[in-house]
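An overview of the molecular structure
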Amino acid sequence: MPCVADWLNNPFSIVQGIFAQNVPNSDWEKKVTEYFKEKLKENNATNWVPSLNDVPVHYLKPNSLVKFRCMVQDMFDPEFYMGIYETVDPNTNARVLHFGKYRDVAECGPQQEIDLNSSQTVTSERQTFYCVPVPGESAWLSLFVLNPQFYAYISASQARVSPSTSYTPSRHKRSYEEDEDMDLHPSKQKEQHMGNNCSGGDIHGCVEPKRLETEASAGHHLISPNCSPPLDLNFPLPGEKGPACLVKVYESWDSFKVNDVLEVYGILSVDPVLSIVNNEERDSSTLDPMECMDTVEEQRVHSPPASLVPRIHVILAQKLQHINPLLPACLNEEESKTCEFVSNFMSELSPVRAELLGFLTHALLGDSLAAEYLILHLISTVYARRDVLPLGKFTVNLSGCPRNSIFTEHIYRIVQQLVPASYRLQMTIENMNHSRFIPHKDYAANRLVSGVLQLASNTSLVVDETQLEQGQLDTTGVHNVTALGNLITWQKVDYDFNYHQMEFPCNINVLITSEGRSLLPSDCQVHLQPQIIPPNMEEYMNSLLTAVLPSVLNKFRIYLSLLRLLDYSISEEVTKAVEEDFVDMRKNDPDSITADDLHRTLLVARFLSLSAGQTTLSRERWLRAKQLEALRKARLQQQKCVNGNEL
Amino acid sequence: MSSPASTPSRRRGKRGRGSNPLTPQDARSPPSQKRRTDDSTSTGDLQPIPTSPPAGVQSPSAHDALFSSPPQFRHSAIPLDFDISSPLTYGTPSSRVEGTPRSGVRGTPVRQRPDLGSVRKARQVDLHSDGLSEDVVATEQSLGQKLVIWGTDVNVASCKEKFQRFLQRFIDPLAKEDEDIGLDLNEPRYMQRLEEINMVGEPFLNVNCDHLRSFDENLYRQLICYPQEVIPTFDMAANEIFFDRYPDSILEHQIQVRPYNALKTRNMRSLNPEDIDQLITINGMVIRSSQLIPEMQEAFFKCQVCAFTTRVEIDRGRIAEPSVCKNCNTTHSMALIHNRSMFSDKQMIKLQESPEDMPAGQTPHTVALFAHNDLVDKVQPGDRVNVTGIYRAVPIRVNPRISNVKSVYKTHIDVIHYRKTDSKRLHGVDEETEQKMFTEERVQILKELSKKQDIYERLSSALAPSIYEHEDIKKGILLQLFGGSRKDFTHTGRGNFRAEINILLCGDPGTSKSQLLQYVYNLVPRGQYTSGKGSSAVGLTAYVMKDPETRQLVLQTGALVLSDNGICCIDEFDKMNESTRSVLHEVMEQQTLSIAKAGIICQLNARTSILAAANPIESQWNPKKTTIENIQLPHTLLSRFDLIFLMLDPRDEAYDRRLARHLVSLYYQSEEKMEEEYMDMAVLRDYIAYARSYVNPRLSEEASQALIEAYVDMRKIGSGRGMVSAYPRQLESLIRLAEAHAKVRFSEKVETIDVEEAKRLHREALKQSATDPRTGIVDISILTTGMSATARKRKEELAQALRKLIQTKGKTPALKYQQLFDDLRAQSDTAITKEMFEEALRALADDDFLTVTGKTVRLL
């Protein structure tokens with residue numbers, strides 16, 4: 001049996017072995033996946049696999065097995081590759097079969113040639129996804145790499161490859177040089193093109209030769225702080241870091257969708273040849289008709305330098321229900337381990353809930369009603385769609401927030417500590433007018449340019465409206481606000497494909513903090529009534545976070561992630577009761593109770609039951625939900641009276 | 001060309017398909033192949049006579065393009081350089097045996113087909129590896145009729161013969177008017193086409209593969225599998241027939257056959273390695289087209305020393321530059337002369353799959369197309385096209401100096417034929433008939449469904465099940481989805497009759513109007529959703545903008561044009577500003593949009609149904625006011641809606657109870673049931689699509705009578721009280737509704753029950769929206785004039801009273817405004833508001849009885 005290091009560090013040797021054994025049959029591919037599946041099932045084996053999320057690419061060994069937790073940002077066209085090819089040694093005429101799966105480059109020895117006409121060649125198809133780390137992933141996620149040996153791995157590899165660590169700044173270098181090249185050698189480039197490229201026309205553009213120079217001048221020490229990143233890695237949220245990756249999927253790619261969160265296990269490919277390929281190709285074979293196919297932008301996007309955007313050839317991929325590392329990855333009932341975990345946690349649910357409520361009450365300046373609603377909001381999720389209507393979304397508008405950013409900022413920090421992925425969107429005129437909310441297709445580069453609203457499921461989006469000043473929204477601003485409104489109401493984002501729009505359903509928890517009622521639609525408005533006004537908000541909030549024990553915090557995290565995944569039902573009996581209640585309420589006050597109110601109360605009841613770990617609605621919960629709603633409404637009424645005008 | 005190596009996939013299993021599996025022994029005509037290998041290195045002036053069609057087509061002498069120039073120039077330039085008009089270019093061994101007269105071909109140059117052969121020399125055939133070497137001699141001797149092209153089962157002679165038979169005999173039994181304008185349907189279709197070519201001079205023969213399939217299944221299969229070999233054979237056959245018939249005809253070049261509508265692949269997503277080098281047809285949208293690329297076909301070299309010239313054909317995108325001059329033996333003296341080299345036009349086009357083909361949640365795929373010669377610049381970004389071409393895959397060489405090859409193939413399609421799907425719409429033919437293909441079973445299911453007694457109720461309850469009750473509104477929307485029959489009265493000067501049904505929903509906020517709109521928008525394939533608040537007139541109609549790439553002015557269409565043949569949902573209709581709304585007037589009755597801006601004057605089709613939702617002006621519906629007063633929309637616009645529904649919040653216990661039950665069930669229903677409902681939506685969609693494209697009901701005699709009666713009845717109701725309660729527009733609405741209801745039943749005839757339902761629905765809607773709140777009588781004039789007849793009558797009475805009052809005052813030339821008002825109020829027994837008083841004054845002023853200046857009223 002090969003030792004651990006073998007399948008981890010040199011998976012190709014395993015694949016080669018299986019390939020050689022089974023070659024005329026086509027089932028070697030299946031055997032490979034099965035082998036790795038078995039391997040990863042072993043105790044803690046998944047933790048042995050280094051993760052691209054935590055380890056910088058340059059510390060990872062090329063062609064080793066890695067894992068990557070990511071969101072599918074874009075899907076490229078399927079590509080045909082040589083599944084099996086044959087090499088020939090021109091001297092001895094010896095023929096060898098190779099597999100092309102899991103590889104970018106068909107390799108052959110120094111004395112060999114690839115026989116493109118061989119009858120043994122098998123063409124196969126694979127799909128490329130452009131993947132980015134889950135947008136807005138909380139920092140605490142990476143603290144839970146459970147395996148201490150893993151750290152050993154990092155430090156060891158660090159020691160081993162330390163001389164090459166200078167690779168990272170090359171991002172900055174590159175762009176500077178590109179700019180410089182532009183300025184210095186435009187004429188030169190042109191000449192080059194005229195000379196080589198009589199058939200290319202204009203569409204070739206003139207960036208490619210420049211790259212060559214960039215590579216050549218890699219020894220220069222030009223680091224300029226003021227340059228923009230050369231290659232837009234297309235992260236949905238501004239200021240995101242982390243590796244973007246071209247993930248090559250070999251099977252059942254139809255089941256994956258844009259914005260799915262995946263965990264992939266695959267072979268890392270950072271072959272520098274992939275980057276050089278582009279340069280030389282263009283240089284040497286300018287007459288090749290195939291070359292004028294793609295624009296420069298497209299080339300750059302679809303085959304970026306492997307050092308910036310590594311390739312992963314997927315052996316195993318699975319969709320993730322959640323990205324919380326504190327929970328077992330998939331919560332299906334069959335596995336006894338998960339069952340145990342769930343039931344254990346359920347038994348201590350109510351103290352956790354009480355603690356969480358207390359914690360959030362403190363965070364919301366002593367307002368327990370708002371804290372209650374915040375819990376409901378945090379465990380809400382779109383569990384179904386009825387024709388166009390998303391069910392289970394629960395957008396909370398927290399009005400009455402103090403008009404300084406400190407409070408809202410800290411609320412966000414607390415949310416961030418609790419959920420695996422979140423983003424704080426500051427509603428300022430400037431932000432609205434200048435940021436890109438809706439993803440749109442860039443046809444020149446043939447990719448989907450991401451926008452803020454391209455988020456994975458169950459991401460918490462905290463919209464801070466307290467910062468909004470008077471001012472004018474321009475066209476982009478209006479579009480952005482509309483998109484945000486649509487997201488809240490229908491839980492979908494219309495991606496802009498220039499000639500048409502495509503609707504992408506999403507599942508995003510939106511929390512709006514505002515002073516008065518928000519200008520965005522919301523399911524439920526809670527007016528904050530602070531009980532304590534701390535003299536120093538900053539200090540108060542900071543102490544709050546430091547006071548809570550990490551273990552308790554973890555429980556909160558498990559609590560919120562787990563409850564989202566529970567099922568729920570309403571018994572016939574309770575349905576009757578609800579019916580009666582509604583009819584009565586309508587009788588007493590037909591004007592203030594509408595179908596919407598019933599909708600909302602049912603939602604509140606649902607999440608209230610779930611938050612207590614109950615998967616069916618009981619009469620008490622229903623009454624409690626009604627009570628909460630009544631309290632909330634009374635507050636709004638009060639607020640109306642205070643202000644003297646309608647909110 | 002049979003380049004087996006470029007068809008990596010074909011090796012896997014593809015070969016063995018069909019009745020005669022191809023063993024290497026079968027494939028025995030490599031001579032042409034071998035020859036071609038030689039050709040590529042030989043110089044242009046010494047052409048051996050090609051022995052097989054592919055070679056003939058591609059032999060260097062076939063070049064007529066001199067640099068990438070317009071055809072006229074090319075034409076005149078040909079004779080100068082080399083003799084192109086070899087009559088033998090299409091000669092084949094078989095044709096010579098038959099002794100086909102080729103005199104007619106003389107004078108018509110051959111045009112090479114880069115669409116077929118751009119990778120023609122991609123790889124030479126490795127005879128040794130296939131153990132064919134000993135066969136070569138044998139086949140050369142036993143040529144005859146048994147000749148097949150290497151790697152295929154195509155026998156040139158029989159293939160040609162079959163195709164000629166097809167051309168001469170094929171009569172399309174299913175021919176429809178749409179594309180055969182001016183063709184006699186009972187004559188062989190393609191012979192008429194050839195005649196057309198003779199007259200028009202456009203040397204392209206488009207062949208519908210579907211026709212070919214119905215004529216000769218085997219030939220069709222060959223065409224699909226080996227287009228590179230078969231199409232030149234077709235060319236040859238077509239030319240022979242053509243020049244037989246029209247020996248004197250002069251064409252720009254020889255006829256090229258362009259097959260289209262291959263059934264092989266319809267969807268970009270289903271392309272797979274099996275399709276490589278086969279003829280495919282896919283749909284998609286052009287997203288980008290490159291500029292024209294002059295592709296070098298043949299390089300021209302000249303020796304710097306002795307001025308000896310030579311031509312080198314481009315091999316796999318590379319020029320084999322001669323290092324030694326053959327004439328004077330000087331090394332490295334040959335220089336490339338650009339303007340004597342030959343180029344052909346080429347264009348790269350990116351095609352993206354059409355939005356309908358895209359599975360939810362995935363991004364669209366794209367594929368690259370190469371268009372050659374005439375097909376360059378035939379399509380523009382944004383066009384929906386139907387492309388027929390050959391699918392290619394080419395390996396990417398990493399680096400010529402390193403033997404490694406990037407293990408990925410680049411794929412593209414060499415375009416043979418384009419068909420714009422948009423342009424067809426200009427003819428007024430609903431493309432959905434072509435696009436939406438229903439399987440037999442599906443049609444059967446739909447027909448079964450249509451026979452059900454309660455189909456109408458069934459469908460209407462399947463519509464937006466999450467929205468509770470509002471049965472009549474759902475029925476109205478259902479009829480709108482089906483639409484009436486389109487009638488054309490152009491010859492009587494009336495133009496098109498509107499077949500689309502427009503519906504306005506108004507009512508209290510929070511009565512799920514928006515949700516209904518969203519549902520409809522999601523249901524129909526060509527729906528648009530806009531909000532009155534956010535849309536401008538240009539956004540709805542069309543605007544002219546400068547394309548950033550081409551700097552051309554282009555017409556961008558807005559929501560109304562985009563939803564041609566669909567439904568345009570407009571939310572917050574009341575919030576729309578005046579100028580925007582005025583655009584709708586034309587659309588809602590004439591179904592066209594006229595645009596005159598930036599030098600572009602045109603009329604676009606906008607045959608769209610409009611489903612609008614409006615909120616009352618006071619945010620709550622005021623039952624004491626009329627519809628017009630509640631929503632403040634001009635009556636000119638309101639009268640264009642066939643149905644106007646009120647969505648009010650009913651105050652009713654039973655209703656509340658049902659609503660509560662409905663809502664609660666939403667919150668715990670199991671996934672399965674959801675799934676079921678989703679199926680319903682798919683069925684509903686198909687049902688509607690089928691009815692819209694295949695059912696075209698006409699009025700039956702009884703139905704016409706019933707309609708007439710209904711209309712007369714409606715008129716009568718009002719005439720008793722001296723007012724008009726129906727206008728011809730209402731009659732038209734009734735007809736449309738009745739037709740739509742017949743469509744629901746898949747009935748080709750509108751019958752009395754349809755009229756009954758139309759009447760009922762129309763009355764329901766009227767009852768809701770056109771009831772005069774003061775009298776409780778349904779009064780259509782509320783919608784047509786904005787004021788109920790009683791209100792108008794009252795106004796008149798008041799004016800008369802005022803006149804009398806003034807007359808009793810005697811001969812005072814001027815009166816105090818306030819005084820008069822007070823007097824009138826004292827005299828009248830009903831309350832008179834200031835507005836009413838002013839209105840009365842104005843009415844009198846209009847009669848030239850008095851004038852009002854400031855605070856005084858002067859008699860005239």
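Sequence order sets the numbering: in each chain, residues are counted from 1 along the sequence as written. Chain letters and ligand numbers both follow the written order, the letters beginning at A and the numbers at 1. At least 70 in pLDDT is required for a residue's local features to be given in this predicted model, at least 80 for side-chain atom pairs to be given and counted, and no such filter applies to totals for whole chains, interfaces and linings, which use all residues. Note that the side-chain values use all heavy atoms of the structure and ignore hydrogens as well as water.

Since the α-helix turns once every 3.6 residues, residues separated by three or four places project in the same direction. The helix and strand labels rest on DSSP assignments: H or I over at least four residues marks a helix, E over at least two residues marks a strand, and numbering proceeds from the N terminus. In this analysis, the expected span of each helix is defined as 1.5 Å times one less than the number of residues it contains. Taking 1.5 Å of rise per residue, 14 residues should cover 20 Å, and helix α14 (residues 405-418) of chain A covers 20 Å from first to last C-alpha, within 8% of that figure. Listed as buried for α14 of chain A are F407, T408, H410, I411, Y412, I414, V415 and L418 of chain A. Burial classes follow relative accessibility: with a 1.4 Å probe on protein chains only, a residue under 20% of its type's maximum area counts as buried, one over 50% as exposed, and anything between as partly exposed.

Residues and elements named next belong to chain A. Inspection of the secondary structure assignment puts D115 in the loop between β5 (113-114) and β6 (122-133). Judged by its relative accessible area of 16%, D115 falls in the buried class. As for D115 and Y85, which are separated by 30 residues in sequence, their C-alpha atoms are 7.5 Å apart. For D115, the residues in contact, after removing those within four places along its chain, are E86, T87, V88, R95 and T121. It only takes one pair of heavy atoms within 4.5 Å for two residues to be counted as in contact.

Below, the discussion takes up the environment of Q127 of chain A. Within the secondary structure, Q127 of chain A sits in strand β6. C-alpha separation for the pair Q127 of chain A and F76 of chain A, spaced 51 residues apart in sequence, amounts to 7.1 Å. Sequence-distant contacts of Q127 of chain A, defined by excluding residues within four places in its chain, comprise F76, D77, P78, V247, K248, V249 and W253 of chain A together with H365 of chain B. Pairs of N or O atoms within 3.5 Å make up the polar contacts considered here, provided that, within protein, one atom can donate a hydrogen while the other can accept it, and that residues adjacent in sequence are counted only when both atoms are side-chain atoms. Looking at Q127 of chain A, its side chain comes within polar contact range of the side chain of H365 of chain B, at 3.4 Å.

Turning next to the packing of helix α31 (residues 817-827) of chain B against helix α32 (residues 834-846) of chain B. All names here are of chain B. Only C-alpha atoms enter the line fits that serve as axes; for helices the fit covers just the stretch in contact. Angles between N-to-C directions range over 0 to 180 degrees. One can describe the packing of α31 onto α32 by two numbers: an axis separation of 11 Å at closest approach and a directional angle of 110°. In terms of orientation, α31 lies roughly perpendicular with respect to α32. Two secondary-structure elements touch here, α31 through Y817, L820, F821 and L824 and α32 through K834, F837, E838 and L841. Charged residues are taken to be Asp, Glu, Lys and Arg, nonpolar residues to be Ala, Val, Leu, Ile, Met, Phe, Trp, Tyr, Cys and Pro, and polar residues to be all remaining types, Gly included. Along the lines of polarity and charge, the residues of the contact of α31 with α32 split into six nonpolar, no polar and two charged. Angles below 35 degrees are treated as roughly parallel, those above 145 as roughly antiparallel, those between 65 and 115 as roughly perpendicular, and all remaining angles as oblique.

On to the pairing of strand β5 (residues 309-313) of chain B. Residues and elements named next belong to chain B. Burial runs high along β5: four of the five residues are buried. Bridging between strand β4 (residues 293-303) and β5 involves five bridges; their strand directions are antiparallel. Bridge pairing in β5 places F301 opposite T310. Connecting β4 to the next strand, β5, in antiparallel fashion are five residues, including A307 with a positive phi near 65°. At least two DSSP bridges between two strands are needed for those strands to be called paired.

All names here are of chain B. The predictor rates its confidence in each residue with pLDDT, a number between 0 and 100. Taken over all residues, the pLDDT of chain B has a mean of 68, while the share at 70 or more is 63%. Within chain B, helix α5 (residues 93-98) has the poorest average pLDDT of any element, 36, and strand β8 (residues 366-372) the best, 86. Segment residues 1-106: pLDDT under 50, and 213 contacts once partners within four positions in sequence are set aside and those in other chains are kept. Predicted confidence for residues 423-436 stays below pLDDT 50, and this span has 26 contacts to residues more than four positions away or in other chains. In the model output, the complex is listed with pTM 0.69 alongside ipTM 0.72.

Bringing the sheet that holds strand β19 (residues 508-513) of chain A into the picture now. All names here are of chain A. One open sheet holds the five strands; their spatial order is β13-β16-β19-β12-β20, and the pairing between them is parallel. Looking at the sheet topology across the chains shown, the edges are occupied by β13 (422-426) and β20 (524-527). Neighbouring strand axes in the sheet, compared pairwise and without regard to direction, differ in orientation by 20° on average. Across three bridges, strand β12 (residues 396-399) lies against β19 in parallel orientation.

Time to look at the packing of aromatic side chains. Aromatic rings in a pair are described by how distant their centres are and how their planes are angled relative to each other. Each pair of aromatic rings taken from Phe, Tyr and Trp, with Trp reduced to its six-membered ring, is defined by centres within 6.5 Å and is described as stacked if the planes are under 30 degrees apart, edge-to-face if over 60, and tilted in the remaining cases. Taken as a whole and judged by the stated rule, the model has 25 aromatic pairs over all chains. Cluster of aromatic residues (ring-pair linked, three or more members): F163, F166, F170, Y190, F215 and F234 of chain B. Here, a charge over a ring is recorded when the distance from Lys NZ or Arg CZ to the ring centre is within 6 Å and its angle to the ring normal is within 35 degrees. Positioned over the ring face of Y383 of chain A is R606 of chain A, at 3.5 Å from the centre of the ring. When the ring centre of F204 of chain B is taken as origin, the NZ or CZ atom of R258 of chain B, which lies over that ring, is 3.7 Å away.

Another point: the pattern of salt bridges. Salt bridge, as used here: a side-chain nitrogen of Lys or Arg that lies within 4 Å of a carboxyl oxygen of Asp or Glu. Within this structure, the stated rule accounts for 29 salt bridges over all chains. Between E629 of chain A and R632 of chain A there is a salt bridge, with the nearest N and O atoms lying 3.0 Å from each other. Separated by three residues within a single helix, E629 of chain A and R632 of chain A lie in helix α21 (residues 619-643), roughly one turn from each other. Taking the relative accessible area as the measure of exposure, E629 of chain A reaches 4% and is therefore buried. Taking the relative accessible area as the measure of exposure, R632 of chain A reaches 3% and is therefore buried. Where R392 of chain B meets D277 of chain B, a salt bridge forms, and the shortest distance between an N and an O atom there is 3.3 Å.

A separate point is the packing of helix α8 (residues 156-169) of chain B against helix α11 (residues 217-225) of chain B. All names here are of chain B. α11 packs onto α8 with a crossing angle of 115° between their chain directions and a minimal axis gap of 11 Å. Crossing handedness for the pair α8 and α11: left-handed. Contact with α8, carried on its side by C159, K162 and F163, involves N218, L219 and Q222 of α11 and no other residues of that element. Classifying every residue of the contact of α8 with α11 gives three nonpolar, two polar and one charged. Should the near helix be turned counterclockwise from the far one by less than a right angle, the crossing is left-handed, whereas a clockwise turn marks it as right-handed.

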